[in-house]
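A closer look at the structure
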Amino acid sequence: MDFSLSEEHQMVQDMARRFATEKIKPVAAELDKTHRHPEEIIKEMAELKFMGIAVPEEYGGGGMDYVSYVLAMIEISKACASIGVIMSVNNSLYCYPVMAFGTDEQKEKYLTPVASGESLGCYGLTEAGAGSDAAAVRTTAVRDGDGWILNGEKKFITNGNVADYCVLAVKTEKDQGYKGISTFVVNLKETPGFSVGVVEDKLGILASGTAELVFEDARLPGDALLGKEGEGFKQMLTTLDGGRIGIASQAIGIGRAALEEALDYAKEREQFGKPIARLQAIQFKLADMAMELDAAELLTLRAAYNEDNHLPYEKEAAMAKCFAADAAMRAAIEGVQILGGYGYIKEYPMERHMRDAKICQIYEGTNEIMRVVIASRLLQGK
Ligand code: CAA
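Residues numbered from 1 in each chain as written. Predicted model: local features only at pLDDT ≥ 70, side-chain atom pairs only at ≥ 80, totals over all residues. Heavy atoms only, no water.

**A few points about the overall build of the protein chain**
Secondary structure assignment for the protein chain yields eleven helices and ten strands. Its C-alpha radius of gyration of 21 Å places the protein chain within 12% of the 21 Å reference for a compact globule of 382 residues. Seen along its three principal axes, the alpha-carbon backbone of the protein chain occupies a region of about 80 × 45 × 40 Å. Within the span of the protein chain, comprising 382 residues, buried residues form 55% of the whole. Taking the average place of the 41 positive charges on the side chains of the protein chain and the average place of its 57 negative ones, the gap between the two points comes to 5 Å. (Helix = DSSP H or I, 4+ residues; strand = E, 2+ residues; numbered from the N terminus. Rg over C-alpha atoms; globule rule 2.2 N^0.38 Å. Buried < 20%, exposed > 50% of the residue type's maximum accessible area, 1.4 Å probe, protein only. Lys, Arg positive; Asp, Glu negative; His and termini not counted. Charge placed at Lys NZ, Arg CZ, Asp CG, Glu CD.)

Right, here's the structure in full:
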């Protein structure tokens, strides 16, 4: 077993770290304050191939592996968790399903613009009544000539207010439970009957838009169906397995930022005549943060390694996402505690890390659902 990074992985990590430090970190507080979609940064990330890291070069991607994806996601999210999730959704939840389930023609048409970063993708599964119970979607698609007519609303869609394309889960057969769900790939800018609904006012990841997608007799062309009718639910769950590796990486990035800033502060801040880093109460917090983040990173790299090597990774991704999200939340809470009053004010980024960490325990499957997934696979002997 070799725990060292290959030269190629080291290069991706260095490139992401440099870009994140020089281009993202200096503007992260402003993005958080203004809730602005960082279009210019996303364009630069596209040039580095970060918007379609694991997509083959022939479809505009970086032709890299999922370990590279994890390493880049950690560095980007460490500087700005909002940009981390924009990148993760584009890579894992849009590019992956089009690459895995699309025909060559669909990949040419729907994958290349998004993997190259020229356009942005999003993923429409969640609805007002379909969150953890993903099979309860009610948006419908019915055949109309050689196309489809779509009706319904998707909720809490990351990138939904700015995306050009969407991978969408809808019911094509009403009474067949999850077997009636199909996946469509939609060019949102060229779909009559589509509009963006409410853009949510959130607690964290404020530079990443979260919006409703509204379809009112929206017409899709025949080539919008991804794979076969009725395969949508399993396609969506497979997609989320990979997405959870992205969110685990985002969480690790947030946690690492909290640890780094807490360490710097503890070495500088003097109380009782010495730096607070000399107090065991502070040292124990720093030790726990580091220990949990290292464990989260190992779990996440294992899941990515399995995905790269065509080994099962559903349970491994759920473990990574759940553990990393909890570790990030604890790191950010302890980070605020170490900074004391300074952790609670907006002059320092620590309070942002705490707000940003929370969503990692909620989206792409709550941490309760992660435990459901892990336990169900254990009980199946997997
Ligand atoms: N891959 C492929 N197939 C899978 C699968 C997977 N990971 N998990 C289950 N399946 C299959 C099962 O084998 C079963 O097939 P058979 O009937 O042929 O055996 C079928 O799917 C149904 O499985 P379940 O009965 O287990 O399904 P369920 O309805 O009980 O739901 C669940 C399972 C794990 C709870 C699932 O609904 C789930 O993951 N829910 C959470 C949804 C979620 O993560 N939403 C995130 C939204 S996106 C987001 O958050 C993005 C963002 O903002 C950044």
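**Details of the site of the ligand**
Neighbouring the ligand are 23 residues, the closest being S132, Y178, K234, R244 and E364. In the model, an oxygen atom of the ligand is placed 2.6 Å from a nitrogen or oxygen of the K234 side chain. Measuring from an oxygen atom of the ligand, one finds a backbone N or O atom of E364 at 2.8 Å. Looking at the shell around the ligand, the elements with two or more residues in it are α5 (81-101), α7 (232-268) and α11 (367-379). (Near = heavy atom within 4 Å. Polar contact = N/O pair within 3.5 Å; in protein donor to acceptor, adjacent residues only side chain to side chain.)

**What to know about a nonpolar patch on the surface**
Residues M1, F3 and L298 make up a contiguous nonpolar surface patch of roughly 460 Å² in combined accessible area. Classification of L298 by relative accessible area gives partly exposed; the value is 47%. (Patch = residues over 30% accessible without salt bridge, like charges linked within 9 Å, V, L, I, M, F, W, Y side chains within 5 Å. Areas by Shrake-Rupley, 256 points an atom, 1.4 Å probe, with all protein chains shown as cover. Salt bridge = Lys/Arg side-chain N within 4 Å of Asp/Glu carboxyl O.)

**Some words on the side chain of D241**
The topology assignment puts D241 in helix α7. For D241, a relative accessible area of 11% puts it in the buried group.

**Brief notes about the pairing of strand β7 (residues 210-220)**
Burial analysis of β7 places eight of its eleven residues in the buried class, which makes it a mostly covered element. The sheet contact formed by strand β3 (residues 147-158) and β7 spans eight bridges and is antiparallel. The partner of K154 across the bridge, within β7, is L213. Here strand β6 (residues 194-199) pairs with β7 via four bridges, running antiparallel. For V199, the partnering residue across the bridge sits in β7 and is A211. (Pairing = 2+ DSSP bridges.)

**Quick word on the layout of surface pockets**
One number sums up the size of the largest pocket: a volume of about 1000 Å³. Elements with a minimum of two residues in the lining of the largest pocket: α5, β3, α7, α10 (350-360) and α11. Of all the elements, α7 adds the most residues to the lining of the largest pocket, at seven residues. The residue inventory of the lining of the largest pocket, partitioned by class, reads 19 nonpolar, ten polar and ten charged. Its boundaries defined by the atoms lining it, the second largest pocket holds a volume of some 550 Å³. If you trace the second largest pocket, you find 18 residues lining it, with D2, F3, L301, R302 and Y305 closest to the centre. Element by element, the count of residues in the lining of the second largest pocket is highest for helix α8 (residues 280-308), at eight residues. (1 Å grid on protein atoms, 1.4 Å probe; cavity = no way out; pocket = protein on both sides within 12 Å on 5 of 7 lines; lining within 4 Å. Points joined across faces, edges and corners; volume = space filled by probe spheres on them. Nonpolar A, V, L, I, M, F, W, Y, C, P; charged D, E, K, R; others polar.)

**Examining helix α4 (residues 66-79)**
Over its 14 residues, α4 runs 20 Å from end to end, which matches the ideal 20 Å to within 8%, given 1.5 Å per residue. α4 sits mainly inside the fold: 13 of its 14 residues count as buried. Here α4 starts with a cap whose side-chain oxygen sits 3.5 Å from the backbone nitrogen of V67, and that cap is D65. (Expected span 1.5 Å × (residues − 1).)

**Notes on the domain arrangement of the protein chain**
Domains assigned within the protein chain are domain 1 (7-120), domain 2 (122-230) and domain 3 (233-379). The centre of domain 2, based on its C-alpha atoms, is set 30 Å off from the matching centre of domain 3. For the pairing of domain 2 and domain 3, the buried interface totals around 1300 Å² over both sides, and the portion due to carbon and sulfur atoms is 67%. The tally of links between domain 2 and domain 3 comes to zero salt bridges. Across the domain 2-domain 3 interface, the total number found is five residue pairs in polar contact (both at pLDDT 80 or more). (Domains from an automatic or database assignment. Buried area = accessible area lost by both parts, 1.4 Å probe.)

**Describing the packing of α4 against α5**
Helix-helix packing is characterised by the crossing angle of the two axes and by the distance between the axes. Running from N to C, α4 and α5 point in directions that differ by 155 degrees, and their axes come no closer than 6 Å. In terms of orientation, α4 lies roughly antiparallel with respect to α5. Only A81, I83, G84, M87, S88, N91, S92, Y96 and M99 of α5 make contact with α4, whose side of the interface consists of Y66, Y69, A72, M73, I76, S77 and A79. Looking at the contact of α4 with α5, its residues break down into eleven nonpolar, five polar and no charged. (Axes fitted to C-alpha atoms, helices over the stretch in contact; angles between N-to-C directions. Parallel < 35°, antiparallel > 145°, perpendicular 65-115°, else oblique. Contact = heavy atoms within 4.5 Å.)

**Considerations on a negative patch on the surface**
Together, E58, D104, E105 and E108 give the surface a local cluster of negative charge. Following the sequence through the fold, E58 ends up in the loop between α3 (39-47) and α4. Since its relative accessible area comes to 62%, E58 is described here as exposed.

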